[in-house]
Amino acid sequence: MLPALAVPALTIVEAPPGLPPAYRLAEDSGPVVLIAELDAYRPGSTATILGEAALVLPALALTTTPITLDDYATIRASDAGYVTRGSDPAGVQAYPPILSSGLEIDRQMDLTPNGAGAAAGWGSIRLADDGSLAALVSARNIDGRPIRLRLGRKQLLPHGYWRDPAWTETAELVVGLGAAWRLTEREMTVAFRDPGYWLDDPVDGSAYAGTGGLEGSAALAGKRKPKLRGGTAGNPAREVPAVLVNETGGIYQVSDATGGIVTLYERGLSGGITLNANVADITASAPPAGTYNVESSARGLFVRLGTFPPAGLITVDAWGASPDGQAPSTAASLALQWLRQDLGVPETLIDAGSFTGIAAACPWVAGDWLFDQPVTGRELVGRLLRSSAARLVPRRTGRLAAVALTALPAGTVPVATYTTAQIVACAPRDAGPPLAPPPYRVRVGVQRYHQTQSSDLAPTLSGTRRQNLAEAYRVRSAAGSGILTAWRRPSDPAIVETSLTSTADGDSLAAALRDLWSIAAGRRLWDVTLPLPYALRHDIGEPIVIAYPGPLAAGALGRIVGEQIRTADGLATLQVLV
């Protein structure tokens, strides 16, 4: 038995309003029951009949009345048998004891400075087959459909019988999305995944028809139209290569939504072609020679040259709105609108408040331009949140959240303190390069040039302008104090590639990353194993205090950055960054 420790005057906080089950699970006795609900779908279905399992209703109440499943059907199961009460929200519902395996959940923030988000692998569950599942598997699917798991404790009554908890006394474990199911002669295996599943495909959008006019030539047929989101007139997205859609009219498209042109360049030189007018219909008439017109409308952002063909490549500095006409400019607010509008993620899968909170804390201007590129939603949203000193994290609630990854400020109040009274095990984990040894500096790439150029440039360009045109990013840097003397070979991470369009905001991000990683003492990761009910009280991003024999004996404040949950063991391991 490890000795008791003196810890700071910090205690486990009371259960927040509306979440008592997860807190009560740790204090109550009785066997834990794992409860599962799976939504299955069959397009155009009539009905499917499943027999009800035995041993899930009170004695003498066994029924052979079939259950009729409509187009959307909820499959209910548990590992020890469970029946809700008549007073519960859905009334009496049986969860037969056919759940034959526990669940393994792994979530971990990508901690590297250039990291994009959180990796999550939620594995699978298995259901014992009594012969009724074959028709279900052949006729229905669970692709992208919700899977919900909860935990509860059975209660021993005075006469020796176990009573199932009320639904309100169970705690939500995880909400995921179905991936696939596989049936053998004895059981059905159901794989499921986190809500980031919606972001795994390349960013989609309308494509050019290739029929001429603003629909492009045959060479553009099938290619996705460009998307420009973000930026401002003062800090636009830079060096965007306008897409030539009409060679006869000299018309270029910059975005599929509204926006504004700040500067137009020919072969890297501004001022050679000047603005003539903003027009309602870019196809109506050509501007005078040596000038250009701009159309910003529901059909997109276009530029038309009065002299065509030009002497060389046409690029622009510009800003762009979202399809609904809103023009958010901070990195986190842009990430939210990409999720909602361009990526089509259902609102129920987005923790919108977390994005607005990050946008308020880090109001840094950003912009991104895409044209027929194989960029996934996960990469795009991850880069925007990386630009906000945050990460994309799939919550156990089944929603995508923006979570800060910064140094905890002085005065941070932890949500809990854990000691040997609760901790099962606590061990350090190697963070590995480029985080250990600590980096002596952090470099941030801002003001991305979406088109770099090194040849066929205007002869009057300065050397500085030519050098800038050849580089994708302008680099801002922040160095830690005392690291070069404290460490023989500190690390030097790669440039953090961002969507930021302001050097001042780049300086702010570099300083935030320096304060997190470039400290002489270095950061440490700790694997803290707790009984599962305690871990369910917390989520990634929360601050807690760990007090444990050794380096943590006096108690250390850290941020939860990952977790591994094993329901079969009744344990969870939290990764805590101290």
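An account of the accompanying structure is given in this report. (Residues numbered from 1 in each chain as written. Predicted model: local features only at pLDDT ≥ 70, side-chain atom pairs only at ≥ 80, totals over all residues. Heavy atoms only, no water.)

## What to know about the packing of helix H3 (residues 331–342) against helix H4 (residues 352–361)
Across the interface, H3 lies against H4 with an axial gap of 7 Å and an inter-helix angle of 155°. When the axis of H3 is compared with that of H4, the two are roughly antiparallel. Together, Ala332, Ser333, Ala335, Leu336, Leu339 and Arg340 of H3 and Ala352, Phe355, Thr356, Ile358 and Ala359 of H4 make up the contact between the two elements. A breakdown of the residues in the contact of H3 with H4 according to their chemical character gives eight nonpolar, two polar and one charged. (Axes fitted to C-alpha atoms, helices over the stretch in contact; angles between N-to-C directions. Helix = DSSP H or I, 4+ residues; strand = E, 2+ residues; numbered from the N terminus. Parallel < 35°, antiparallel > 145°, perpendicular 65-115°, else oblique. Contact = heavy atoms within 4.5 Å. Nonpolar A, V, L, I, M, F, W, Y, C, P; charged D, E, K, R; others polar.)

## Side note on the packing of aromatic side chains
Evaluation of the coordinates by the stated rule reveals six aromatic pairs. Ring centres of Tyr82 and Tyr95 lie 5.5 Å apart, and the angle between their planes is 50°; on these two criteria the pair is classed as tilted. Of the two residues, Tyr82 is situated in strand S5 (residues 82–83) and Tyr95 in strand S6 (residues 94–95); the sequence distance between them amounts to 13 residues. Tyr95 shares its class with Tyr82; the two are buried. With 5.9 Å between their ring centres and 80° between their planes, Tyr418 and Tyr534 make a pair best called edge-to-face. With Tyr418 in strand S28 (residues 417–418) and Tyr534 in helix H9 (residues 532–535), this pair connects stretches of sequence that are 116 residues apart. The same class applies to Tyr418 and to Tyr534, which are both buried. Among the aromatic side chains, those forming a connected cluster through ring pairs are Tyr82, Tyr95 and Trp167. (Phe/Tyr/Trp six-rings, centres within 6.5 Å; stacked < 30°, edge-to-face > 60°. Buried < 20%, exposed > 50% of the residue type's maximum accessible area, 1.4 Å probe, protein only.)

## Digging into the sheet that holds strand S32 (residues 496–497)
On the basis of which strands lie adjacent, the open sheet formed by three strands has the order S31-S30-S32 and mixed pairing. The strands lining the two open edges of the sheet, one partner per strand, are strand S31 (474–479) and S32. Sheet topology places strand S30 (residues 441–446) next to S31; six bridges connect them, and they run antiparallel. Bridging across to S31, Arg441 finds its partner in Ala479. (Pairing = 2+ DSSP bridges.)

## Looking at H3
In an α-helix, one turn spans 3.6 residues; hence positions three or four apart end up facing the same way. Over its 12 residues, H3 runs 15 Å from end to end, which matches the ideal 16 Å to within 8%, given 1.5 Å per residue. Summarising burial for H3: 10 of the 12 residues are buried, a large majority. All buried positions along H3 are accounted for by Ala331, Ala332, Ser333, Leu334, Ala335, Leu336, Gln337, Trp338, Leu339 and Asp342. Buried residues along H3 sit in contact with strand S15 (227–230), H4, strand S25 (367–370), helix H5 (377–386) and strand S27 (400–404). (Expected span 1.5 Å × (residues − 1).)

## Here we look at the sheet that holds strand S21 (residues 274–278)
The mixed open sheet is built from five strands, whose spatial order is S17-S18-S23-S22-S21. Edge positions in the sheet fall to strand S17 (243–246) and S21, since each of these pairs with one other strand and no more. Taking the axes of each pair of neighbouring strands and ignoring which way they run, one obtains an average angle of 35° across the sheet. Pairing analysis gives six bridges linking strand S22 (residues 291–297) to strand S23 (residues 300–305), with the strands arranged antiparallel. Pairing of Ser297 across the sheet is with Gly300, part of S23.

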